[in-house]
Amino acid sequence: MAVAEQVSSKKNYLTALKEAVFEEMQRNPDMVCIGEDIGFLGGAFGVTEGLKAMYGPERVIDAPISEAAIVGVACGMCLNGKTTLVEMQFIDFISCGFDQIVNMTATYHYRTAGEVNMPMVIRGPAGGYGGGALYHSQMNEAWFANSPGLKIVCPSTPRDAKGLLKSALRDPNPVMVYEMKELYRQNKIAEEVPEGDAALVPIGQASIRREGDDVTLVTYGNNVYHCLAAADNLAEEGFSAEVLDIRTLVPLDEATIIESLKKTNRLVVVNEAPRTCGFAGEVLARMSEEAFEYLDAPPARVTRLDTPVPWVKPLELYVLPSVEKITDAALRVCKF
Amino acid sequence: MAVAEQVSSKKNYLTALKEAVFEEMQRNPDMVCIGEDIGFLGGAFGVTEGLKAMYGPERVIDAPISEAAIVGVACGMCLNGKTTLVEMQFIDFISCGFDQIVNMTATYHYRTAGEVNMPMVIRGPAGGYGGGALYHSQMNEAWFANSPGLKIVCPSTPRDAKGLLKSALRDPNPVMVYEMKELYRQNKIAEEVPEGDAALVPIGQASIRREGDDVTLVTYGNNVYHCLAAADNLAEEGFSAEVLDIRTLVPLDEATIIESLKKTNRLVVVNEAPRTCGFAGEVLARMSEEAFEYLDAPPARVTRLDTPVPWVKPLELYVLPSVEKITDAALRVCKF
Amino acid sequence: MATTEADQRKKKSDAFQYGTYSAKLTADDHKEMLLQLYLARYFDVRLIKEKKRGRLTGTLYSSHNQEAVLVGSLYGLKPKDWISPIHRDMPAFFMKDIKAGWRNLDRMGMSVQQVCAQVWGRVDSPGRARDNWSHIGSRSKHIIHSTSMLAGTIPAAAGVAYADRLSGGDAVVLTYNGEGSTAQGVFHEAINFAAVHSLPVVTVIENNQWAYGTPTYLEYSQEDFARRADGYGIPGLVADGQNVLDVYDKVLEAVDYARSGKGPSIVECKTFRAYGHGDHDDDRAARYRPKEEVEAGRARDPIAVMKRIMVERGLMTQKEAATYAAEGKSASEVSNEDFPPDVVAYLSEGIEFAINSPLPPAEEGGMWVFREEN
Amino acid sequence: MATTEADQRKKKSDAFQYGTYSAKLTADDHKEMLLQLYLARYFDVRLIKEKKRGRLTGTLYSSHNQEAVLVGSLYGLKPKDWISPIHRDMPAFFMKDIKAGWRNLDRMGMSVQQVCAQVWGRVDSPGRARDNWSHIGSRSKHIIHSTSMLAGTIPAAAGVAYADRLSGGDAVVLTYNGEGSTAQGVFHEAINFAAVHSLPVVTVIENNQWAYGTPTYLEYSQEDFARRADGYGIPGLVADGQNVLDVYDKVLEAVDYARSGKGPSIVECKTFRAYGHGDHDDDRAARYRPKEEVEAGRARDPIAVMKRIMVERGLMTQKEAATYAAEGKSASEVSNEDFPPDVVAYLSEGIEFAINSPLPPAEEGGMWVFREEN
Ligand SMILES: Cc1ncc(C[n+]2csc(CCOP(=O)(O)OP(=O)(O)O)c2C)c(N)n1
Ligand SMILES: Cc1ncc(C[n+]2csc(CCOP(=O)(O)OP(=O)(O)O)c2C)c(N)n1
Ligand SMILES: [Mg+2]
Ligand SMILES: [Mg+2]
């Protein structure tokens with residue numbers, strides 16, 4: 001089993017995810033995993049490597065290439081007492097199972113006035129910066145944020161990856177887990193990751209990744225690291241930036257953001273989804289409603305342009321947020 | 001032919017849509033209509049009544065119940081020189097054709113570096129307030145606003161319905177037309193509607209539906225009327241509200257909103273989509289970025305709660321915006 | 001190679017011995033089935049009347065003339081089996097396991113009170129009137145809750161079946177679908193999945209010749225929708241949807257096949273939609289459907305067919321058969337006297353209950369988006 | 001009724017006279033086809049070598065051992081016909097209408113320079129390197145641009161065919177699909193639509209036995225994926241995907257059937273994926289696929305098969321057949337000497353062109369979201 005292969009006490013993001021899956025499969029005999037190539041192959045990135053050998057083909061289903069059926073079958077299993085973990089090979093392909101998520105699964109609890117729970121987790125590799133082009137780079141979380149009934153998390157560290165995935169697998173609601181595939185194997189973010197219940201990270205809590213007084217950078221996923229680097233740049237310019245990794249988008253930990261704004265009075269939100277109706281805009285909207293009085297400058301968004309993610313590097317970087325773009329935006333806000 | 005049946009010079013929203021379809025079918029021999037039950041039946045609401053008899057089954061396709069194929073086939077037709085009008089029987093069912101819209105059609109121009117145009121219009125009855133419940137009440141425009149490459153319009157009057165649909169059918173890009181089915185047959189909004197080119201309403205232009213000085217109510221669709229009624233209420237309270245009907249969501253006419261804010265310095269945005277990552281939030285975000293200096297009070301959103309649209313009236317009204325909710329929000333903003 | 005498989009498939013279908021199941025039905029079974037046909041018919045008729053009387057609002061999707069499909073397919077199920085009804089199957093909700101006693105609240109299946117409370121949009125609906133018409137269900141009663149999206153519950157049906165098997169059960173899941181809805185991608189994905197995993201899922205196709213305003217030849221390239229099964233290598237049976245016994249035979253064959261682990265199948269029931277798609281469509285349907293077609297389609301009323309069989313089998317006299325004469329009559333032509341008093345009483349109880357049930361409180365609109373506790 | 005239709009379908013398939021098309025091929029055709037097999041093989045081999053040499057990045061989806069499917073299916077097409085290749089069909093882009101002259105820029109189909117510029121992600125790619133690998137196309141060259149979403153272009157193929165017919169054309173649209181991708185809902189929806197409208201769409205299923213890490217029995221319940229056709233009442237043919245002539249025969253049957261207005265069909269080509277799903281998967285594939293299976297699957301190299309046929313038919317001597325010996329060799333075993341010099345030269349031109357082509361300017365990332373003018 002792949003998990004056992006870990007020797008160093010520091011674990012990367014991918015290993016952390018793997019541990020979450022194996023631990024929860026062990027803990028919960030009613031848990032079933034389903035997805036394309038998750039069994040024999042162990043998943044395109046190996047998150048479920050060894051799982052089928054350990055728990056058998058009944059609980060680890062190599063499904064046909066049919067995202068709608070995969071989600072819908074998982075939904076039926078949840079209805080009939082199971083907890084399900086659905087892998088999208090890339091989160092981009094979720095568009096093919098869209099209706100089954102937003103209309104069938106997300107609303108099930110609501111439609112039944114609470115009779116039915118949907119303990120389903122949909123996880124998948126997401127995000128750009130890897131040259132994945134239009135269909136292997138998406139951050140489409142806003143589609144689901146605008147579809148009531150779904151929780152959404154997006155971990156940026158191995159600990160959060162494990163902890164949030166474990167919490168998601170214990171949540172009675174459907175939870176979407178946006179995994180940052182560009183972080184999967186990054187050694188520089190490897191860290192020690194607890195085992196068992198100690199690893200749990202609660203859904204709905206932001207994490208203060210760096211403290212600061214002059215501007216609050218709110219972000220998640222890949223851009224946490226860009227924001228941290230931008231904070232270094234800002235420090236050189238004499239501005240102290242606080243970096244908040246929201247980790248959970250729905251439900252959003254507004255209190256932590258507001259607390260920070262009380263101190264910094266300046267807001268920049270960074271994410272890599274298309275700008276219009278993306279989650280960065282939602283944070284701006286909420287803060288302009290709820291923390292207006294604390295804002296001393298117009299808040300700013302640094303997001304993907306309203307374009308798909310193009311393939312070749314210069315184009316990809318042109319449309320995605322970068323350390324430079326964040327630094328520039330934050331400077332503008334700070335100097336307002 | 002149904003259009004000929006019109007005797008009064010005032011036309012309702014539905015008739016206006018019908019005229020747009022018939023006129024453009026006549027004008028453009030390369031236009032093809034496709035959808036479920038649009039031919040023999042003439043569409044669930046009759047927008048294409050008589051069209052198949054007039055233009056034949058080749059150009060008016062009664063498609064099998066398969067939204068993905070409908071959109072995808074239309075996409076192929078656009079690729080091969082046609083202009084297509086796709087009807088979703090209810091806009092809610094668009095979730096079943098989702099991938100073909102956001103990944104295949106919306107990106108076609110982008111992916112081909114401009115080689116291929118996608119003159120496709122996807123129209124359908126949308127919106128709540130009619131007791132349609134979860135799957136016949138949706139306003140899911142934010143999914144598409146967050147999917148680059150799609151224009152989005154939402155007319156609130158017969159003139160706009162005809163004019164925007166006609167413009168959409170002449171646009172080389174895919175355009176989504178959110179029609180307000182609760183307005184289809186409302187006599188009180190019936191009005192004279194021009195014929196031919198005179199009827200065109202440009203995509204991307206907001207309409208000032210009422211002038212005012214104290215607060216700007218930005219809205220579209222059904223809520224235009226709620227906002228106008230709220231403006232009456234506000235007038236009684238001594239506040240003069242400007243009501244902007246944006247009509248086009250993508251691309252948004254920001255200039256008109258900003259102009260208004262320069263005058264009123266107060267903003268309330270109203271729509272009936274779920275709150276989180278809905279278009280109302282996008283307007284708040286843009287204005288807090290671009291018109292921050294003009295805002296004298298926190299902007300407010302009146303939206304659907306983050307719930308599905310429930311069926312029975314008291315529940316439906318509980319979650320949707322209403323004249324009262326808008327009035328209250330605007331009063332709070334005005335009195336800030 | 002192709003031929004070999006076609007042969008195998010043919011053999012699979014040939015293995016079915018039609019008529020063996022209905023041959024075992026007792027006289028009481030026949031009577032009960034006829035009563036259930038009346039029940040389903042009366043449900044429809046009565047709702048139309050209630051709407052005309054102004055005591056009911058909302059769209060009605062009539063199952064008039066299609067009742068044998070429901071009664072015949074449900075009659076052979078075990079209580080633990082699951083069903084997944086759609087818009088035209090409203091009576092199925094209270095007819096599941098109704099053999100265990102019409103008024104038995106412990107049986108699998110909903111009470112008529114609950115179903116009527118749903119029709120009326122009242123708080124006693126199993127879904128507290130949050131979604132409309134047939135979009136109810138019950139986890140405990142083994143009824144899958146559907147959305148509006150046609151064919152959208154077949155994947156869930158496969159999932160329910162998968163989970164049941166995993167837990168050591170041998171329940172069968174029966175899903176209903178209009179013939180038009182078989183064009184949906186999710187129909188394909190779900191049946192393909194069920195076939196690969198030999199899941200006990202039986203898909204009943206209610207081929208009523210029309211999908212809203214679209215005739216079958218624009219939905220599918222073959223005459224028999226059961227032939228969709230061939231693409232999955234699973235049995236595809238065709239039943240006379242006007243003959244409750246033929247439906248019973250074919251569905252029960254499929255159900256037993258499924259229960260014994262052999263996998264999914266499709267049973268197409270040929271029937272005909274008596275009225276418009278919904279009652280809002282009655283007028284237009286009269287225009288888009290040729291009159292002769294409608295007359296021919298309605299000619300074999302399932303109640304009449306069953307009566308004739310019972311008379312032939314000596315289970316009923318001609319005179320008894322004539323006592324209640326609902327068959328061949330439209331809602332406006334028929335009256336309570338055309339139905340057995342039990343049937344009228346049963347439905348009436350449900351309706352009066354529903355009308356007296358309150359609306360849910362407005363705040364419930366904001367509830368149950370998420371489940372809070374674990 | 002069911003039997004009648006099955007019979008009809010069988011009759012439809014029986015009407016196909018296999019071998020009639022290839023029988024008309026000249027000696028030159030045979031030679032050209034063999035050359036094209038080399039061309040496709042060399043494309044693959046050379047890219048692997050370029051990547052090893054560090055001159056190329058990105059994932060490669062090899063069509064090694066599957067070349068006969070491409071060559072055989074493209075060879076009989078008319079220039080105006082459309083194709084819709086997927087990830088494993090990269091050579092199809094420049095092999096469409098290649099009979100009109102490998103270096104003829106006016107022919108339908110892309111130049112090898114353009115295709116290589118796409119592989120290398122350079123501005124001279126037909127899509128200006130905005131999307132990767134096989135996601136290119138050309139409206140003017142009649143090649144549909146695909147997304148990553150498997151089976152996602154079949155609806156567009158149907159739409160292209162529909163529009164062409166409407167404009168009075170008689171082009172055929174040929175779409176490629178892996179066997180695994182046939183499980184997608186959109187496959188069903190599109191083929192159903194094409195069948196209802198008798199559209200000239202031929203779907204070639206490249207059954208290479210694996211969909212990434214998943215074997216066929218977990219994707220489909222039958223041996224022959226051609227049997228999916230039965231669900232739509234359209235012909236479903238099975239070809240030996242290692243024999244370019246058999247592919248040519250079956251596909252051309254289907255193409256002529258389509259062109260004559262009879263409608264869509266499916267041609268399954270049995271083949272075998274030589275390596276991993278992509279080159280990133282080579283190591284794992286060696287673990288999840290049994291060695292014997294891989295050996296057996298690779299045993300019939302399409303180049304070897306074609307050579308044998310040509311020798312048997314007296315179109316080539318044993319000695320001539322031995323001159324270029326690419327068959328049966330992996331990318332690391334084979335060298336330029338194993339290929340005809342024309343083939344090497346052709347590809348080399350493309351590659352050198354690509355390597356010298358610049359990247360598109362960064363600002364292009366923000367362009368062409370919308371078309372501005374009318
Ligand atoms: C995905 C989806 N598309 C469209 C509709 C709209 N619609 C509701 S019923 C119906 C016709 C259904 O026909 P059929 O499946 O034959 O069932 P019937 O009503 O005839 O029983 C349509 C198109 C829908 N509910 N869901
Ligand atoms: C809708 C969708 N789901 C999943 C994938 C990921 N994916 C890419 S190729 C592949 C396997 C395809 O197998 P098959 O269709 O047999 O083609 P092959 O690669 O074997 O030629 C998968 C699962 C995808 N590209 N699109
Ligand atoms: Mg029907
Ligand atoms: Mg394959």
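Computed from a predicted model, the values in this text were never measured in an experiment. (Residues numbered from 1 in each chain as written. Chains lettered and ligands numbered in written order. Predicted model: local features only at pLDDT ≥ 70, side-chain atom pairs only at ≥ 80, totals over all residues. Heavy atoms only, no water.)

1. Notes on the sheet that holds strand β11 (residues 241-245) of chain B
Residue and element names in this part refer to chain B. Across the sheet, which stays open at both edges, the 5 strands sit in the order β9-β11-β10-β13-β14 with mixed pairing between neighbours. Strand pairing shows two members of the sheet lacking a second neighbour, β9 (207-210) and β14 (300-304), which therefore form its edges. This sheet shows a mean twist of 25 degrees between the axes of neighbouring strands, independent of strand direction. Both strand β13 (residues 267-274) and β14 contribute to a ladder of 4 bridges, which runs parallel. Bridging from a neighbouring strand, valine 270 pairs with valine 302 of β14. Lying over the sheet, helix α11 (residues 279-290) contacts β10 (215-219), β13 and β14, oriented at roughly 150 degrees with respect to β13. Those strands touched by helix α13 (residues 323-334) are β10, β13 and β14, and its axis lies near 150 degrees from that of β13. (Pairing = 2+ DSSP bridges. Helix = DSSP H or I, 4+ residues; strand = E, 2+ residues; numbered from the N terminus. Axes fitted to C-alpha atoms, helices over the stretch in contact; angles between N-to-C directions. Contact = heavy atoms within 4.5 Å.)

2. Digging into the domain arrangement of chain A
Residue and element names in this part refer to chain A. Here the domain parsing of chain A yields domain 1 (10-199) and domain 2 (207-334). A separation of 26 Å is found between the C-alpha centroids of domain 1 and domain 2. In this assembly, 28 residues from domain 1 lie in contact with 31 residues from domain 2. Of the roughly 2,200 Å² buried between domain 1 and domain 2, counting both surfaces, carbon and sulfur atoms make up 59%. Across the contact surface, domain 1 and domain 2 share 1 salt bridge. Aspartate 160 is the partner of arginine 247 in a salt bridge, and the nearest nitrogen-oxygen pair spans 2.9 Å. At the junction of domain 1 with domain 2, the criterion picks out 16 residue pairs in polar contact (both at pLDDT 80 or more). Here the residues of the side of domain 1 that touches domain 2 sort into 15 nonpolar, 9 polar and 4 charged. (Domains from an automatic or database assignment. Buried area = accessible area lost by both parts, 1.4 Å probe. Salt bridge = Lys/Arg side-chain N within 4 Å of Asp/Glu carboxyl O. Polar contact = N/O pair within 3.5 Å; in protein donor to acceptor, adjacent residues only side chain to side chain. Nonpolar A, V, L, I, M, F, W, Y, C, P; charged D, E, K, R; others polar.)

3. Things to note about the coordination of the magnesium ion (ligand 3)
All names here are of chain C. At this site the magnesium ion (ligand 3) is bound by Glu179 (OE), Glu179 (OE), Asn208 (OD1) and Trp210 (O), with donor distances of 2.1 to 2.7 Å. Along the chain, the residues donating to the magnesium ion (ligand 3) fall in the pattern E-x28-N-x1-W. Here asparagine 208 lies in the loop between β3 (201-207) and β4 (210-211) and glutamate 179 lies in the loop between β2 (173-178) and α7 (185-196), a separation of 29 residues in the sequence. Given a relative accessible area of 4%, asparagine 208 falls into the buried group. (Donors = N, O, S within 2.8 Å, 3.2 Å for Na, K, Ca; no water. Buried < 20%, exposed > 50% of the residue type's maximum accessible area, 1.4 Å probe, protein only.)

4. Some points on the interface of chain B and chain A
The interface of chain B with chain A comprises 46 residues on the first partner and 45 residues on the second. Between chain B and chain A lies a buried interface of about 4,000 Å² when both sides are counted; carbon and sulfur atoms form 61% of it. Linking chain B to chain A there are 29 residue pairs in polar contact (both at pLDDT 80 or more). No other element matches the 8 residues that α11 of chain B contributes to the side of chain B that touches chain A.

5. Some points on empty space enclosed by the protein
Tallied over the entire structure, the rule returns 9 cavities of 30 Å³ or more. Here the largest cavity is characterised by a volume of approximately 290 Å³. If you list the elements that add at least two residues to the lining of the largest cavity, you get α4 (98-105) of chain A, α5 (98-105) of chain B, α7 of chain C together with α7 (185-196) of chain D. A class-by-class count of the residues in the lining of the largest cavity yields 12 nonpolar, 12 polar and 4 charged. (1 Å grid on protein atoms, 1.4 Å probe; cavity = no way out; pocket = protein on both sides within 12 Å on 5 of 7 lines; lining within 4 Å. Points joined across faces, edges and corners; volume = space filled by probe spheres on them.)

6. A closer look at the environment of valine 71 of chain A
All names here are of chain A. Along the chain, valine 71 turns up in helix α3 (residues 67-79). Among the residues examined, valine 71 registers a relative accessible area of 0% and is labelled buried. For the pair valine 71 and threonine 105, spaced 34 residues apart in the sequence, the C-alpha separation amounts to 8.1 Å. Once residues lying within four places of it in the same chain are set aside, the contact partners of valine 71 are Met88, Gly97, Gln100, Ile101, Thr105, Met120 and Ile122.

7. A few points about the nonpolar core
One finds Ile34 and Phe144 of chain A together with Ile34 and Phe144 of chain B to be the most contacted residues of the largest nonpolar core, which totals 256 residues. Setting aside anything within four residues of it in sequence, one finds isoleucine 34 of chain A in contact with Ile61, Ala63, Ile70, Val73, Ala74, Met77, Leu85, Val86 and Glu87 of chain A together with Phe193 of chain C. (Core = buried A, V, L, I, M, F, W, Y, C linked by side-chain atoms within 4.5 Å.)

8. Thoughts on the coordination of the magnesium ion (ligand 4)
Residues and elements named next belong to chain D. Around the magnesium ion (ligand 4), the protein contributes the donor atoms Glu179 (OE), Glu179 (OE), Asn208 (OD1) and Trp210 (O), at 2.1 to 2.7 Å from the metal centre. Every donor counted, the 6 donor atoms about the magnesium ion (ligand 4) form angles of 52 to 175 degrees at the centre, which fits irregular coordination. Positions of the donor residues of the magnesium ion (ligand 4), expressed as sequence spacing, correspond to E-x28-N-x1-W. Each of the two residues, asparagine 208 as well as tryptophan 210, counts as buried. (Tetrahedral: all angles 85-135°; square planar, octahedral: opposite > 155°, others 65-115°.)

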